[in-house]
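Summary of the model geometry
One-letter residues, chain by chain:
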Amino acid sequence: MMPDCKEAVTGAPVIRCTALLGCGRPYYQDAFVTLYHADAAELADNLPQVELVLTDPPYPNNAGHFDDGIPAALRFLETYRCDHWMIFWHELETPPLNLPLVAKHIWHRNNSNRADNYEPVYEFHADGKKRASRVLPYPVIYPGLTGCDEATGHPTQKNLKLMQKLIHMAGAKTICDPFCGSGTTIEAARLIRRQVIGIEKNERWCEVTASRCAQETLALEEQPNDKLRHGGNNQG
């Protein structure tokens, strides 16, 4: 069932994707988050511009995860216009984005002994200026693994601190995750008071994302503003 859309935290939002823009009614909305239950490719033309697209879209893989979503991911990458992207993608090919590739970061899943305990994060920017590529050591999130206390059951869930680190590296104030899954990018942005738009096709994961946002509301209201503004800057 679709939650009521309401302002959960005080503060004027910088971005809003509303019915006036042709996106329909949000599945969840508060002062920092606008979440849509939709096909991202269908919303691409109507989304407002953001400073960063940070996403783990469906991409060709050997695990069979979300293969049916690959065409929509490719359409979104082709259609939506943004100057700065960070995209999780296959290590054997570069995401088909028509912007200069400026860095290739590696998420080192440091609680796994598998040979493939890493995942590339491709960074693109319209300015073409090369950035330092970094190794980012954070645990993989999966039920039962050491160092994992935030698992939702999503098969490709990302680490919350990893996503906060990427946001800080980008220096972005407004973010879009068009394939937001169980909402880690959304929660990461919200915790450090960034404006974020999320889109997810599967309603089950929209429910999980909305629940994560609702659970963080009291924590956001109770913490001092200085702690929220600077949270995550010292993460590895």
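Structure's up top.
The following paragraphs examine the structure supplied in this document. Quick caveat: nothing in here was measured; it's all calculated off a predicted structure.

Each regular strand displays side chains that alternate between the two surfaces of the sheet. Here strand β5 (residues 101-109) runs beside strand β6 (residues 118-125); their pairing, made up of 7 bridges, is antiparallel. The residue of β6 that forms the bridge with Ala 103 is Glu 123. Here 4 bridges tie β5 to strand β7 (residues 135-138), and the two strands are oriented parallel to one another. Looking at the pairing, His 108 lines up with Pro 137 of β7.

Let us look at the packing of helix α3 (residues 160-170) against helix α4 (residues 184-191). At a closest axis distance of 9 Å, the pairing of α3 and α4 adopts a crossing angle of 60 degrees. For the element pair α3 / α4, the angle class is oblique. As α3 packs across α4, the resulting crossing turns out to be right-handed. For the pair α3 and α4, the contacting residues are Leu 160, Met 163, Gln 164 and Ile 167 in the first and Thr 184, Thr 185, Glu 187, Ala 188, Ala 189 and Leu 191 in the second.

Ordered in space as β1-β2-β9-β8-β3-β4-β6-β5-β7, the 9 strands form an open sheet in which the pairing is mixed. Whereas interior strands pair on both sides, the edge strands pair on one side only; in this sheet they are β1 (28-29) and β7. As paired strands, strand β3 (residues 52-55) and strand β4 (residues 84-88) are joined by 3 bridges and run parallel to one another. For Thr 55, the partnering residue across the bridge sits in β4 and is Ile 87.

It is worth spelling out the packing of aromatic side chains at this point. If you walk through the whole model with that rule in mind, you get 6 aromatic pairs. Consider the rings of Phe 76 and Trp 85, whose centres lie 6.2 Å apart with planes at 70 degrees: the pair is edge-to-face. The two residues Phe 76 and Trp 85 agree in class, both being buried. Between the aromatic rings of Tyr 80 and Trp 85, the centroid separation amounts to 6.3 Å while the plane-to-plane angle is 65 degrees, which identifies the pairing as edge-to-face. The same class applies to Tyr 80 and to Trp 85, which are both buried. These aromatic residues form a ring-pair network of at least three members: Phe 76, Tyr 80, Trp 85 and Phe 179. Sitting above the plane of the Trp 107 ring, Arg 109 keeps its charged end 5.0 Å from the centroid.

Even without being glycine, Arg 193 reaches a positive phi, approximately 60 degrees. By the element assignment, Arg 193 lies in the loop between α4 and β9 (195-200). Exposure remark for Arg 193: the relative accessible area of 27% places this residue in the partly exposed category.

So, how was this worked out
- Counting from 1, residues in each chain are numbered in the order their sequence is written.
- With pLDDT at 70 or above as the cut-off, local features in this predicted model cover only qualifying residues; side-chain atom pairs require 80 or more to be listed or tallied, and sums for whole chains, interfaces and linings still use all residues.
- The side-chain values count all of the structure's non-hydrogen atoms but skip hydrogen atoms and water molecules.
- Here, a strand pair is defined by DSSP locating no fewer than two bridges between the strands.
- Secondary structure elements are defined from DSSP: runs of H or I of at least 4 residues count as helices, runs of E of at least 2 residues count as strands, and each element is numbered from the N terminus.
- Helix axes are fitted to C-alpha atoms over the stretch in contact, other axes to C-alpha atoms as well, and angles between N-to-C directions run from 0 to 180 degrees.
- An angle below 35 degrees is read as roughly parallel, one above 145 as roughly antiparallel, one from 65 to 115 as roughly perpendicular, and any other as oblique.
- Here a crossing is taken to be left-handed if its near helix is turned anticlockwise relative to the far helix by less than a right angle, and right-handed if that turn runs clockwise.
- Should any heavy atoms of two residues lie within 4.5 Å, those residues are counted as being in contact.
- Any two rings among Phe, Tyr and Trp, with Trp reduced to its six-membered ring, count as a pair given centres within 6.5 Å; such a pair is stacked if its planes are under 30 degrees apart, edge-to-face if over 60, and tilted if neither.
- Relative accessibility under 20% of the residue-type maximum defines a buried residue, over 50% an exposed one, and the middle range a partly exposed one, all with a 1.4 Å probe and only protein chains included.
- Remark: a charge is flagged as sitting over a ring if the NZ atom of Lys or the CZ atom of Arg is within 6 Å of the ring centre and within 35 degrees of the ring normal.

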